[in-house]
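Listed below, chain by chain, are the residues.
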Amino acid sequence: MTQTPTVAAIEERRPLTERLGRVRVASWATAALLIVAVVAAVALQPNLLSPYGVASTFATFLPLVLVAVAQAIVVIGGGLDLSAGAIVALSSVVAVQVMQGEAGSVPLGFLTAIGVGLACGIVNGLVVSRLRLQPLIATFATASVFSGLALLVLPSPGGTVPAIITGTFRQAVGGVPVSVLLVVAVAAGWLVVRHLRIMRHIRATGGGPAAAFASLVPVAGAQLASYAICGVICGLAGLAVLGNSGSGDPFIGGDLALNSVAAVVVGGIALRGGIGSPIGAIAGAITLSLASTILFALSLPTSWRALAAGLVVILALALSALGAPRRQR
């Protein structure tokens, strides 16, 4: 039987110069935005580069960085997860209730947060891959369910996070803040797992489900796996939230989902799926977070942050479109 090449396979067969050109456009746009954001933030807040400033800044950025990576994997697989923020909230409040501020319960709290995230991801994956509902609608609905469960577990912000978690989160190893090391670990982890077969299947599915299916790629399994992985990473983001805040908050995930989508776009990942890397999503998340820092330094109202995020996304799309190859009629 003749196999139909997937979009990913077609992409690999393109001339090297053309492939580099296609990647370089989005990468340069992302890098340019990141550099501008870093320079502006440092100019407005010189203490941002101090050891405390770096540790505090990355501790604040880490939850969005993790959720952006989770969202990137789903988007590369051709999906979208609007419940990512709700998963973070649910994972964090369940973990804080399990731990009850006791250091001996920390391992159980970690497993609980990851397990809750995995369960939520599997639910999303089954709804999208088996019931074949639109990811946008399906995850919008499950976001309401997960948010409701978070309110049942912890009706109002509170709870106590063991001091070992918050203390470790603010420490440094060899002079490098733990929060920075965690961001580097996330990027390094992607460089390792991207070579796994399941990640190739996810990318092929995002590039074209029909072509992937014709190439014997288990499309439904790849979709389920992308949401399950997203859930696990969102569970880790819930732990990062606890480490940074020191308490549980059922409303913490309110803006995380949309901000993660914005980070994915800024990171040069195609929303149509199949193209991009979570490394770009990390850069996008840091850029958006620095935009909020810049607005705070300018003493502008917090309501302007959403406006700034939108402008950054539009600018990223415009820069990418300017250098994108024209379609042949």
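Cut-offs used in this document
Residues numbered from 1 in each chain as written. Predicted model: local features only at pLDDT ≥ 70, side-chain atom pairs only at ≥ 80, totals over all residues. Heavy atoms only, no water. Helix = DSSP H or I, 4+ residues; strand = E, 2+ residues; numbered from the N terminus. Buried < 20%, exposed > 50% of the residue type's maximum accessible area, 1.4 Å probe, protein only. Contact = heavy atoms within 4.5 Å. Areas by Shrake-Rupley, 256 points an atom, 1.4 Å probe, with all protein chains shown as cover. Axes fitted to C-alpha atoms, helices over the stretch in contact; angles between N-to-C directions. Parallel < 35°, antiparallel > 145°, perpendicular 65-115°, else oblique. Left-handed = near helix turned anticlockwise from the far one by under 90°. Nonpolar A, V, L, I, M, F, W, Y, C, P; charged D, E, K, R; others polar. Polar contact = N/O pair within 3.5 Å; in protein donor to acceptor, adjacent residues only side chain to side chain. Expected span 1.5 Å × (residues − 1). Phe/Tyr/Trp six-rings, centres within 6.5 Å; stacked < 30°, edge-to-face > 60°. Patch = residues over 30% accessible without salt bridge, like charges linked within 9 Å, V, L, I, M, F, W, Y side chains within 5 Å. Salt bridge = Lys/Arg side-chain N within 4 Å of Asp/Glu carboxyl O.

## Remarks on the overall build of the protein chain
Here's step 1: Along the protein chain, the regular secondary structure elements total 14 helices and 2 strands.
Here's step 2: Within the span of the protein chain, comprising 329 residues, buried residues form 47% of the whole.
Here's step 3: Taking contacts inside the protein chain between residues at least 6 apart in sequence as the whole, the part at least 24 apart equals 78%.
Here's step 4: Accessible surface, the protein chain: about 16100 Å² in total, of which carbon and sulfur atoms supply 68%.

## Describing the packing of helix α4 (residues 84-99) against helix α5 (residues 106-129)
Here's step 1: It is at 8 Å that the axes of α4 and α5 come closest, and there the two elements cross at 150°. In this view, α4 runs roughly antiparallel relative to α5, as classed from their interaxial angle. Considering the relative orientation of α4 and α5, their crossing is right-handed. Where α4 abuts α5, its residues Ile 87, Leu 90, Ser 91, Val 94, Ala 95, Val 98 and Met 99 lie against Val 106, Leu 108, Gly 109, Thr 112, Ala 113, Val 116, Gly 117, Cys 120 and Asn 124.
Here's step 2: The residue inventory of the contact of α4 with α5, partitioned by class, reads 11 nonpolar, 5 polar and no charged.

## Brief notes about the environment of Ala 204
Here's step 1: Of note, Ala 204 is situated in helix α9 (residues 197-207).
Here's step 2: Here Ala 204 falls in the buried class, since its relative accessible area comes to 6%.
Here's step 3: The spacing of Ala 204 and Gly 273 is 69 residues in sequence and 8.9 Å in space, taken between C-alpha atoms.

## Considering the side chain of Thr 142
Here's step 1: Inspection of the secondary structure assignment puts Thr 142 in helix α6 (residues 135-153).
Here's step 2: Given the relative accessible area of 10%, Thr 142 is considered buried.
Here's step 3: Reaching out from Thr 142, the side chain makes a polar contact with the side chain of Asn 124 at a distance of 2.7 Å.
Here's step 4: When neighbours within four sequence positions are excluded, Thr 142 is seen to be in contact with Ser 83, Val 123 and Asn 124.

## Overview of helix α8 (residues 178-193)
Here's step 1: Under the 1.5 Å per step criterion, the end-to-end length of α8 is 22 Å for 16 residues, consistent within 8% with the ideal 22 Å.
Here's step 2: Residues Val 178, Ser 179, Val 180, Val 183, Ala 187 and Trp 190 constitute the buried set of α8.
Here's step 3: Buried positions along α8 lie against α3 (51-76), α7 (163-169), β1 (172-173), β2 (176-177), α9 and α13 (278-297).

## Quick notes on the environment of Val 161
Here's step 1: Structurally, Val 161 can be placed in the loop between α6 and α7.
Here's step 2: Classification of Val 161 as buried rests on a relative accessible area of 6%.
Here's step 3: The spatial distance from the C-alpha of Val 161 to the C-alpha of Gly 246 is 5.2 Å, given a sequence separation of 85 residues.
Here's step 4: Beyond its immediate chain neighbours, meaning those up to four positions away, Val 161 contacts Val 96, Gly 101, Thr 166, Leu 242, Gly 246 and Ser 247.

## Observations concerning the packing of aromatic side chains
Here's step 1: Here the structure, examined in full by the defined rule, presents 1 aromatic pair.
Here's step 2: A centroid spacing of 6.2 Å and a plane angle of 50° characterise the contact between Phe 58 and Phe 61, whose relative ring orientation is tilted. Placement of the pair is Phe 58 and Phe 61 together in helix α3, with a separation of 3 residues, close to one helical turn.

## Details of helix α11 (residues 219-245)
An α-helical turn contains 3.6 residues, so a residue and the one three or four places further along point in the same direction.
Here's step 1: For α11, built from 27 residues, the straight-helix expectation of 39 Å at 1.5 Å per residue is met to within 8% by its first-to-last C-alpha distance of 39 Å.
Here's step 2: In terms of burial, α11 is a largely internal element, 19 of the 27 residues being buried.
Here's step 3: Positioned one or two residues after α11, Gly 246 has a phi angle of 80°, which is positive.

## Some points on unusual backbone geometry
Here's step 1: You will see that Gln 100, though not glycine, has its phi angle at about 50°, which is positive.
Here's step 2: Mapped onto the elements, Gln 100 comes out in the loop between α4 and α5.

## Some thoughts on a nonpolar patch on the surface
Here's step 1: Taken together, Leu 44, Leu 298, Leu 300, Trp 304, Leu 307, Leu 311 and Ile 314 make up a surface patch of nonpolar side chains, about 650 Å² in accessible area.
Here's step 2: At 4 residues, the largest contribution of residues to the nonpolar patch is made by helix α14 (residues 304-323).
Here's step 3: Inspection of the secondary structure assignment puts Trp 304 in helix α14.

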